Amino acid sequence: QVQLVESGGGLVQAGGSLRLSCVASGRTASRYNMGWFRQSAGKEREFVAAIRWTEGSTYYADSVKGRFIISRENAKNTVYLQMNSLKPEDTAVYYCAADLNPRSFTTVQAAGNYDTWGQGTQVTVSS
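Residues numbered from 1 in each chain as written. Predicted model: local features only at pLDDT ≥ 70, side-chain atom pairs only at ≥ 80, totals over all residues. Heavy atoms only, no water.

Undergrad: What is the right way to look at the packing of aromatic side chains in this model?
TA: Enumeration according to the criterion identifies four aromatic pairs in this entry. Plain terms: the ring middles of Phe 37 and Tyr 114 are 5.4 Å apart, the flat faces sit at 80 degrees to each other, and that makes the pair edge-to-face. Of this pair, Phe 37 sits in strand 4 (residues 33–39) while Tyr 114 sits in the loop between strand 9 (92–99) and strand 10 (116–117), placing them 77 residues apart in sequence. Look at Phe 37 and you get buried, because its relative accessible area is 2%. Overall, the relative accessible area of 6% leaves Tyr 114 in the buried class. (Phe/Tyr/Trp six-rings, centres within 6.5 Å; stacked < 30°, edge-to-face > 60°. Helix = DSSP H or I, 4+ residues; strand = E, 2+ residues; numbered from the N terminus. Buried < 20%, exposed > 50% of the residue type's maximum accessible area, 1.4 Å probe, protein only.)

Undergrad: Please clarify how the pairing of strand 11 (residues 121–126) should be interpreted in this entry.
TA: Each regular strand displays side chains that alternate between the two surfaces of the sheet. Alternating residues of strand 11 divide into Thr 121, Val 123 and Val 125, all buried, and Gln 122, Thr 124 and Ser 126, none buried. Here strand 2 (residues 10–13) runs beside strand 11; their pairing, made up of four bridges, is parallel. By the bridge assignment for strand 11, Gln 13 is matched with Ser 126. Relative to strand 11, strand 9 runs antiparallel, the two sharing three bridges. Across the sheet, Val 93 pairs through a bridge with Gln 122, a residue of strand 11. (Pairing = 2+ DSSP bridges.)

Undergrad: Explanation requested: the state of the cysteines in the structure shown.
TA: Each disulfide consists of one covalent bond between the sulfur atoms belonging to two cysteines. Summed over all chains, the structure comprises one disulfide. In this model, Cys 22 is linked to Cys 96 through a disulfide, with the two sulfur atoms separated by 2.1 Å. The sign of the -85 degrees torsion about the S-S bond sets the Cys 22-Cys 96 disulfide as left-handed. You can see Cys 22 sitting in strand 3 (residues 18–25) and its partner Cys 96 sitting in strand 9, a full 74 residues away along the chain. Taken as a pair, Cys 22 and Cys 96 share a single burial class, namely buried. (Disulfide = S-S within 2.5 Å.)

Undergrad: What is the right way to read the pattern of salt bridges from this model?
TA: Opposite charge on two side chains makes pairing possible when the charged atoms of those side chains draw close. Following the criterion strictly, the structure yields three salt bridges and no others. Here Arg 38 makes a salt bridge to Asp 90, at a shortest N to O gap of 2.9 Å. Here Asp 90 lies in the loop between strand 8 (78–83) and strand 9 and Arg 38 lies in strand 4, a separation of 52 residues in the sequence. Judged by relative accessible area, which is 5%, Arg 38 ranks as buried. Put simply, Arg 67 and Asp 90 hold a salt bridge, and the shortest N to O gap is 2.8 Å. Of this pair, Arg 67 sits in the loop between strand 6 (58–60) and strand 7 (68–73) while Asp 90 sits in the loop between strand 8 and strand 9; the two residues are 23 residues apart in sequence, bridging distant segments of the chain. Each member of the pair Arg 67 and Asp 90 is classed as buried. (Salt bridge = Lys/Arg side-chain N within 4 Å of Asp/Glu carboxyl O.)

Undergrad: Teacher, can you tell me more about the sheet that holds strand 3 here?
TA: Strand pairing in a sheet is mediated by backbone hydrogen bonds. Such pairs are either parallel or antiparallel. The sheet built from four strands is open, its strands ordered 1-3-8-7 with antiparallel pairing. Two strands lie at the open edges of the sheet, namely strand 1 (3–7) and strand 7, each paired on one side alone. Between one strand and the next, the sheet's axes are offset by a mean angle of 15 degrees, whatever the strand orientation. For strand 7 and strand 8, the ladder comprises six bridges, and the chain directions are antiparallel. In the sheet register, Ser 71 faces strand 8, and the bridge partner there is Tyr 80. (Axes fitted to C-alpha atoms, helices over the stretch in contact; angles between N-to-C directions.)

So this is what it looks like as structure tokens:
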């Protein structure tokens, strides 16, 4: 099975930056869609960003577009989430997810399309 491990979370001031990393192990191939989701206190898990294995197309939630950048380094089986201009409302536990059997028509924003999830990493943004 594939295991995902996130890292890079922490406490930052508003306007600061963090880079989250998610390393996948247990599978050689990297032909899977990767997504980042987050969940804050009292709210449901929400989509943040995703990247397809095909052509590396990226997708972002409106709330983070222009501030966050998702990328991947296939040789290391790692996906990154560069978070800039952080706001207090970005405070949440961030989860990495992998769709191990992606299709070209798969909706990357749907959490139900992902097969495995990391343990999460806490991001706290102070005002």
